[in-house]
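# Summary of the model geometry
Listed below, chain by chain, are the residues.
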Amino acid sequence: MSEGCFFEDLSIGQTASFGKTITEADIVLFAAVTGDTNPMHLNAEYAKDSIFGERIAHGMLAAGLITKVMGTQLPGPGTIYLSQSLRFRKPVRIGETVTATVEITALNAEKHRVTLRTVCAVKGEPVLEGEALVVVPSRAARHNVREAVA
């Protein structure tokens, strides 16, 4: 859906997911964009002596998949982030497929706010969990804007 969902179309329990296999290129590009050059992510020699024994992906790289789901699927385009909590449970390794899932847990009709449970998992095991609060456009507000422009 190119325009996303209107607030009025949403219901508690709705879910959407997206999966992505994390590659070497993803980690290098994420480090370049963010400036996070922690050797845990980029230096195999350094990482082999860590508690994980190997390089791991940036936690926020996995968390970024949540924004893909919310911004393109549920609720979709027009969604505005207000807050996001995250609890990192396990590392993500190069070559693992991370599946980000969002689930609507609460709706505030007065403010058009939506609370979503957010989870990223590898092989069904959560690697991070959290909660997001977003604002979603309403059908009435969108039509009023369209009528004003027309």
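As shown above, the structure is provided for reference.
Definitions and limits used
- Residues numbered from 1 in each chain as written.
- Predicted model: local features only at pLDDT ≥ 70, side-chain atom pairs only at ≥ 80, totals over all residues.
- Heavy atoms only, no water.
- Helix = DSSP H or I, 4+ residues; strand = E, 2+ residues; numbered from the N terminus.
- Salt bridge = Lys/Arg side-chain N within 4 Å of Asp/Glu carboxyl O.
- Buried < 20%, exposed > 50% of the residue type's maximum accessible area, 1.4 Å probe, protein only.

### A short note on unusual backbone geometry
Put simply, Leu-74 and Pro-75 share a cis peptide bond, and its omega is 0°. Relative to the helices and strands, Pro-75 resides in the loop between helix 4 (59-72) and strand 2 (80-88). Positive phi, close to 55°, is recorded for His-112, a residue that is not glycine. The topology assignment puts His-112 in the loop between strand 3 (97-108) and strand 4 (113-122).

### Topic: the pattern of salt bridges
Tallied over the entire structure, the rule returns eight salt bridges. With a shortest N-O distance of 2.9 Å, Lys-20 and Asp-26 are connected by a salt bridge. On the accessibility criterion, Asp-26 (16% relative accessible area) is buried. One salt bridge connects Arg-89 with Glu-129, and the closest N-O pair in it is separated by 2.9 Å. You can see Arg-89 sitting in the loop between strand 2 and strand 3 and its partner Glu-129 sitting in strand 5 (residues 125-135), a full 40 residues away along the chain. You can call Glu-129 buried: its relative accessible area is 19%.

Keep in mind these values describe shape, not function.
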